[in-house]
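A structural walkthrough
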Amino acid sequence: MVFDSTRFDLQPYVGFDMARYVRRTYCSWEDAGWQSLLVQRFEHVPVAEDMELPGAADLHLVLPVAGRAVMEARSGGRWSRYTWAPGRLELGIPDQPVLRRYRGDGSMRSVQVHIPRGTVDSVAVQLGGRAVDYEAMAASLAGGDPLIEEAVRAVDCLSEADDLYAESAAAFLAAHLLTRHSRRAALRTLTREDARVRAAVAMMRERLADPVTLADIAGEVHLSVYHFVRVFKEATGVTP
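Nothing here was measured: the structure is a model prediction, and the numbers come from that model. (Residues numbered from 1 in each chain as written. Predicted model: local features only at pLDDT ≥ 70, side-chain atom pairs only at ≥ 80, totals over all residues. Heavy atoms only, no water.)

**With respect to the packing of helix H4 (residues 146-156) against helix H5 (residues 163-180)**
Look at H4 against H5: their axes get within 11 Å of each other, and the N-to-C directions meet at 165°. When the axes of H4 and H5 are compared, the pair comes out roughly antiparallel. Crossing hand, H4 versus H5: left-handed. Of the residues in H5, those in contact with Leu 147, Ile 148, Ala 151, Ala 154 and Val 155 of H4 are Tyr 165, Ala 169, Phe 172, Leu 173, His 176 and Leu 177. (Axes fitted to C-alpha atoms, helices over the stretch in contact; angles between N-to-C directions. Helix = DSSP H or I, 4+ residues; strand = E, 2+ residues; numbered from the N terminus. Parallel < 35°, antiparallel > 145°, perpendicular 65-115°, else oblique. Left-handed = near helix turned anticlockwise from the far one by under 90°. Contact = heavy atoms within 4.5 Å.)

**Digging into the pattern of salt bridges**
The full count for this structure, using the stated rule, is 13 salt bridges. As a salt-bridge pair, Glu 49 and Arg 103 come within 3.0 Å of each other at their nearest N and O atoms. Of this pair, Glu 49 sits in strand E3 (residues 47-53) while Arg 103 sits in strand E8 (residues 98-104), and the two are 54 residues apart along the sequence. In this structure, a network of salt bridges that share partners links the residues Asp 95, Arg 117 and Asp 121. (Salt bridge = Lys/Arg side-chain N within 4 Å of Asp/Glu carboxyl O.)

**So, the packing of aromatic side chains**
Summed over all chains, the structure comprises 4 aromatic pairs. Ring geometry for Phe 8 against Trp 29: centres 6.5 Å apart, planes inclined by 80°, an arrangement best described as edge-to-face. One end of the pair, Phe 8, is in the segment before strand E1 (22-27); the other, Trp 29, is in helix H1 (residues 28-31), and 21 residues separate them in sequence. Centroid distance Trp 34 to Tyr 165: 5.9 Å. Interplanar angle 40°. Geometry classified as tilted. Of the two residues, Trp 34 sits in the loop between H1 and strand E2 (38-44) while Tyr 165 sits in helix H5, which places them 131 residues apart along the sequence. Residue classification places Tyr 165 among the partly exposed positions, given a relative accessible area of 30%. Clustering of aromatic rings is evident, with ring pairs tying together Tyr 13, Phe 16 and Tyr 21. When the ring centre of Trp 79 is taken as reference, the NZ or CZ atom of Arg 101 above it lies at 3.9 Å. (Phe/Tyr/Trp six-rings, centres within 6.5 Å; stacked < 30°, edge-to-face > 60°. Buried < 20%, exposed > 50% of the residue type's maximum accessible area, 1.4 Å probe, protein only. Lys NZ or Arg CZ within 6 Å of the ring centre and 35° of its normal.)

**Structural notes on the state of the cysteines**
Under the definition given, this model contains 0 disulfides. Free of any disulfide, Cys 157 has its nearest neighbouring cysteine sulfur in Cys 27, separated by 16 Å. (Disulfide = S-S within 2.5 Å.)

**Points about unusual backbone geometry**
One non-glycine residue with positive phi stands out, namely Asp 95, at about 65°. Its location among the elements puts Asp 95 in the loop between strand E7 (90-92) and E8. The backbone of His 222 sits at a positive phi, close to 60°, despite the residue not being glycine. With respect to the element layout, His 222 can be found in the loop between helix H7 (214-220) and helix H8 (225-236). What makes His 222 buried here is its relative accessible area of 19%.

Honestly, that's just the spatial picture; any functional story needs more than this.
Right under this line is the structure:
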């Protein structure tokens, strides 16, 4: 997936054996001429044991559109476990490599969007310039966002649009993520823990029929079991 771009941070992908894990079926850089937003479609192998994804600076959105898998991911020294399924948005934390392993059903496909870090930083300055908590953003987005989901589906279907559309879409996605999910102090009063409790509740609702442990839920929102139990009780008044 590496190509010559001054906007996207693609150098970390040099040497990554993409063909071992996915088959790319669409790339907006090559197929639509977009230089402001990178949209790609992938078909995934059903089983992976040691997929090491590099850490890149860009904001990376993943929307599964077909298939299911039990996914385990290790980043920042912690393992998390969750269900990879259509409609479940995932955000890769910038500059943080991830080790993944999973077993899927053999029909796994996704749409993935890379927003240039320069676009994110520019929008963040316009929104007040405070630092962004990307871990809180990822946890909050895991709780669901119909607008982001539909926006990702929309940019995947408009390959005939020119780069002005791509640039506008990138700025919109960045502004919505920063406003809705980053827990910026100037814009929202909720804490990082509040966002993670909400994401945990969404996961529990989604998996009512599945055997889910406290460790599964805590891993989903990047907390230890002890810390998750504490913040959940503080936010809801009950012990999970």
